[in-house]
Amino acid sequence: MDPLAILVENLTFRHLGADEPCISGASFQVERGEFVLLLGPSGCGKSTLGLTLNGMVPQSIEGEYSGGVYIFGERAETTPTSRISQRVGIVFQDPESQFCMLTVNDELAFAPENLNLPEDEIRKRVQEAVDRVSIQHLLGRPVTALSGGEKQRLALASVLTLQPEILFFDDVTANLDPVGTAMVFETLRQLRKSRDKTIVIVEHKVDELIDTVDRIIVLDDRSRVVTSGTPREAFYDTDPSVLRRLGIWIPEVVELALELREAGFPDLAAHQPLTVGEAATVLIRVLKARASHQWAEVVTPDPPGQGKDLAVQVDHLAFSYRGQEQPALIDANLAVRQGDFVAVVGPNGSGKSTLMKHLVGIIKPPSGRVFLYGADISRLPLRDIARRAGFVFQNPEHQIVTDDVYDELAYSLKRRGVDADEIRERVHQALELVRLEHALDSNPFMLSGGEKRRLGVATMLIVGQDLLILDEPTFGQDRSTADGLMALVNDLHEDGKTIVMVTHDMGLVAKYAREVVVVWNGRTPFRGSPRELFEQDDLLAETSLLPPPMFRLSKRLQESIPAYPTLMTVEAVRRSILEVCDGKA
């Protein structure tokens, strides 16, 4: 009998310097050829768990280690990394962290060359990897010229040249736009079809991946298994309160079905749908039986800032980074009224982050192009800009300035001369809001990726500026933390703060934004409501954007029930179904 591809037995690991283990008593197994999705709260040790599979933990990353990890029967912690790395390939969240060469061709050849393989074998392996990941068109190009999705595919192809039997993907689409995400997921689907690779993936974008995985393993806050089974078993047979408590991301279709079941309408959940198509098939049958129902018209409210003065104004802004031929911004325009909640969307590399950096003076704009509350930013000192506008970077490490979480949060308050007792109170309130009380005395760089993101948001919220700019605020967060952060941001908006949010998450746009600005190829071709944007099929296709699942479900229902309203969120669709099916809205 073949040994298991992966066997984890009572694994516990504590990083050097950490007070508590990040993994405590993890035990699970993965069969050869399985495609397994790992879900768990941020900071629960999923990434560390992946590093135990190829022996990097504890052979390179030291700490207190007990239990065992077995790869096809061999102990990962004692097998030489030179051998086990040929059996287990890891693709990281940031592909650039594993690139070693300047060109695509050299990067692909790097790993097999380091195995000292014959030249013919190197060429053969590179070609097989290129064909398998379909990146022939990238050959000969500089790595720096690739898009985010292309870089992730190159990282995968580079790992495949080692011909590993196991692949571990660590939230690889977190930084990608919908097209880049679809590109990576399609590659994974092709790998799954061959069944010659065992795939374990950590991923938050479950809506787009759920039809591909064989099994889901749900972990608790220390990587102990809570439930394991097929996607339908994991989502529909597990107590929903447990999934909510752990902050597990679930597909919107599943969320809708579970909420309807809790409200007294079990019909949808009884069919255990996972995709928009499956849910539409059930709901069309249910709703057609009530065809005489008069659906309420959906009215889009005016943006809350309508008629108010501008918080931000950008007029025909252009900008090029030194040494790059393609301008980052060509003709960008933006008008954000005080009290608005504006989402800025667009594909990777379109200029969104560059535009945001101009709004807070990180990039100094030319005179007469960017205005903050009526003042020309090019003439404002940075301290004056910082009093009115707060900015959370896409990469939270870029704004860490101290080696202690408490000091990180207190830093801006101290610079403003706030009393020590008030600083202490506000720091503890901020830590509680973002669920980082346990990290009070930790080094910020030792936090998990999700924890760093929450710290970055907290450092902005603690100051209380009038304008808050967030670059991918929920990136790397579990569901409960993301919901908590967005609820906090929404409360600030309702208290009169102006919010500008850069995001790839159209679900966030649908739920929170009152206005959307599309940035594409350095220009801003669209400004309007989320619903208006999602109706623009040609623009969405051109700008690599994808409407949220509930909007797509509404459109599928309208094909058979033309009077059904166009809705965008789980809550709105839930209410519409209960309204007609006599449930409890």
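Residues numbered from 1 in each chain as written. Predicted model: local features only at pLDDT ≥ 70, side-chain atom pairs only at ≥ 80, totals over all residues. Heavy atoms only, no water.

Observations regarding the sheet that holds strand S5 (residues 74-75)
Here 4 strands make up an open sheet; going across it, the order is S2-S1-S4-S5 and the pairing antiparallel. Looking at the sheet topology across the chains shown, the edges are occupied by strand S2 (23-30) and S5. Relative to the sheet, helix H1 (residues 46-53) contacts strand S1 (6-15), S2 and strand S4 (63-71), its axis offset from that of S1 by approximately 120°. (Pairing = 2+ DSSP bridges. Helix = DSSP H or I, 4+ residues; strand = E, 2+ residues; numbered from the N terminus. Contact = heavy atoms within 4.5 Å. Axes fitted to C-alpha atoms, helices over the stretch in contact; angles between N-to-C directions.)

Quick word on the environment of Ser 367
In this structure, Ser 367 sits in the loop between helix H14 (352-359) and strand S14 (370-372). For Ser 367, a relative accessible area of 47% corresponds to the partly exposed category. Considered as a pair, Ser 367 and Ser 378 are 11 residues apart in the sequence and their alpha carbons are 5.5 Å apart. Other than its neighbours up to four places away in sequence, Ser 367 contacts Asp 376, Ser 378 and Arg 379. A polar contact of 3.4 Å, which involves the side chain of Ser 367, links it to the side chain of Asp 376. (Buried < 20%, exposed > 50% of the residue type's maximum accessible area, 1.4 Å probe, protein only. Polar contact = N/O pair within 3.5 Å; in protein donor to acceptor, adjacent residues only side chain to side chain.)

A look at the nonpolar core
Buried together is how nonpolar side chains tend to be arranged in soluble globular proteins. Grouped together as the largest cluster of nonpolar side chains are 81 residues, with contacts concentrated most on Phe 235 and Leu 553. Residues from two domains meet in this core; each of domain 1 (4-242) and domain 2 (256-300 + 549-582) gives at least three. Residues Phe 341, Ala 513, Leu 533 and Leu 539 belong to the second largest nonpolar core, which totals 51 residues. (Core = buried A, V, L, I, M, F, W, Y, C linked by side-chain atoms within 4.5 Å. Domains from an automatic or database assignment.)

Regarding helix H16 (residues 405-415)
Burial in H16 covers these residues: Val 405, Tyr 406, Glu 408, Leu 409, Ala 410 and Leu 413. At the N-terminal boundary of H16, the capping side chain belongs to Asp 404, with an oxygen 2.9 Å from the backbone nitrogen of Tyr 406. A positive backbone phi angle near 75° is found at Gly 417, which sits one or two residues after H16.

Observations regarding the packing of helix H13 (residues 276-288) against helix H24 (residues 570-581)
It is at 10 Å that the axes of H13 and H24 come closest, and there the two elements cross at 35°. Crossing of H13 against H24: the hand is left-handed. Together, Leu 283, Val 286 and Leu 287 of H13 and Ile 577, Val 580 and Cys 581 of H24 make up the contact between the two elements. Taken together, the residues of the contact of H13 with H24 break down into 6 nonpolar, no polar and no charged. (Left-handed = near helix turned anticlockwise from the far one by under 90°. Nonpolar A, V, L, I, M, F, W, Y, C, P; charged D, E, K, R; others polar.)

Here's the deal with the packing of aromatic side chains
Under the definition given, this model contains 5 aromatic pairs. Taking the centre distance of 4.9 Å and the plane angle of 85° together, the rings of Phe 319 and Tyr 321 count as edge-to-face. Under the relative-accessibility criterion, Tyr 321 is labelled partly exposed at 29%. (Phe/Tyr/Trp six-rings, centres within 6.5 Å; stacked < 30°, edge-to-face > 60°.)

Observations regarding the environment of Pro 549
In this fold, Pro 549 is placed in helix H23 (residues 549-560). With relative accessibility at 10%, the residue Pro 549 sits in the buried group. When the C-alpha atoms of Pro 549 and Val 253 are compared, they prove to be 7.4 Å apart, with 296 residues separating the residues in sequence. For Pro 549, the residues in contact, after removing those within four places along its chain, are Asp 207, Glu 252 and Val 276.

Focus: the environment of Leu 317
Position of Leu 317 among the secondary structure elements: in strand S11 (residues 310-319). Those residues in contact with Leu 317, other than ones at most four positions away along the chain, are Leu 329, Ile 330, Asp 331, Ala 332, Leu 355, His 358, Pro 365, Pro 366, Arg 369 and Val 370.

Regarding the pattern of salt bridges
Summed over all chains, the structure comprises 35 salt bridges. A salt bridge links Arg 224 to Asp 221; the shortest N-O distance between them is 3.7 Å. The class of Asp 221 is partly exposed, set by a relative accessible area of 41%. For Glu 535, the salt bridge goes to Lys 555, with nearest N and O atoms at 3.1 Å. Linking Glu 535 in the loop between helix H21 (530-534) and helix H22 (537-542) with Lys 555 in helix H23, this pair joins segments that are 20 residues apart in sequence. (Salt bridge = Lys/Arg side-chain N within 4 Å of Asp/Glu carboxyl O.)

Focus: the domain arrangement of the chain
Here the chain is partitioned into domain 1 (4-242), domain 2 (256-300 + 549-582) and domain 3 (310-543). Using only C-alpha atoms to locate each centre, domain 1 and domain 3 end up separated by 30 Å. Carbon and sulfur atoms make up 52% of the surface buried where domain 1 meets domain 3, a total of about 1,000 Å² over both sides. When the buried area of domain 1 at its contact with domain 3 is split by residue, Ser 42, Asn 175 and Asp 177 rank highest and sum to 46% of it. Taken together, the connections running from domain 1 to domain 3 amount to 0 salt bridges. Across the contact surface, domain 1 and domain 3 share 4 residue pairs in polar contact (both at pLDDT 80 or more). Broken down by class, the residue content of the side of domain 1 that touches domain 3 amounts to 5 nonpolar, 6 polar and 2 charged. (Buried area = accessible area lost by both parts, 1.4 Å probe.)

Remarks on unusual backbone geometry
Residue Pro 58 is reached from Val 57 by a cis peptide bond, and omega for that bond is 10°. Along the chain, Pro 58 turns up in helix H2 (residues 56-59). At Asn 10, a residue that is not glycine, the phi angle is positive and equals roughly 45°. Looking at the element boundaries, Asn 10 is found in strand S1. Phi is positive for Glu 472, which is not a glycine, with a value near 55°.

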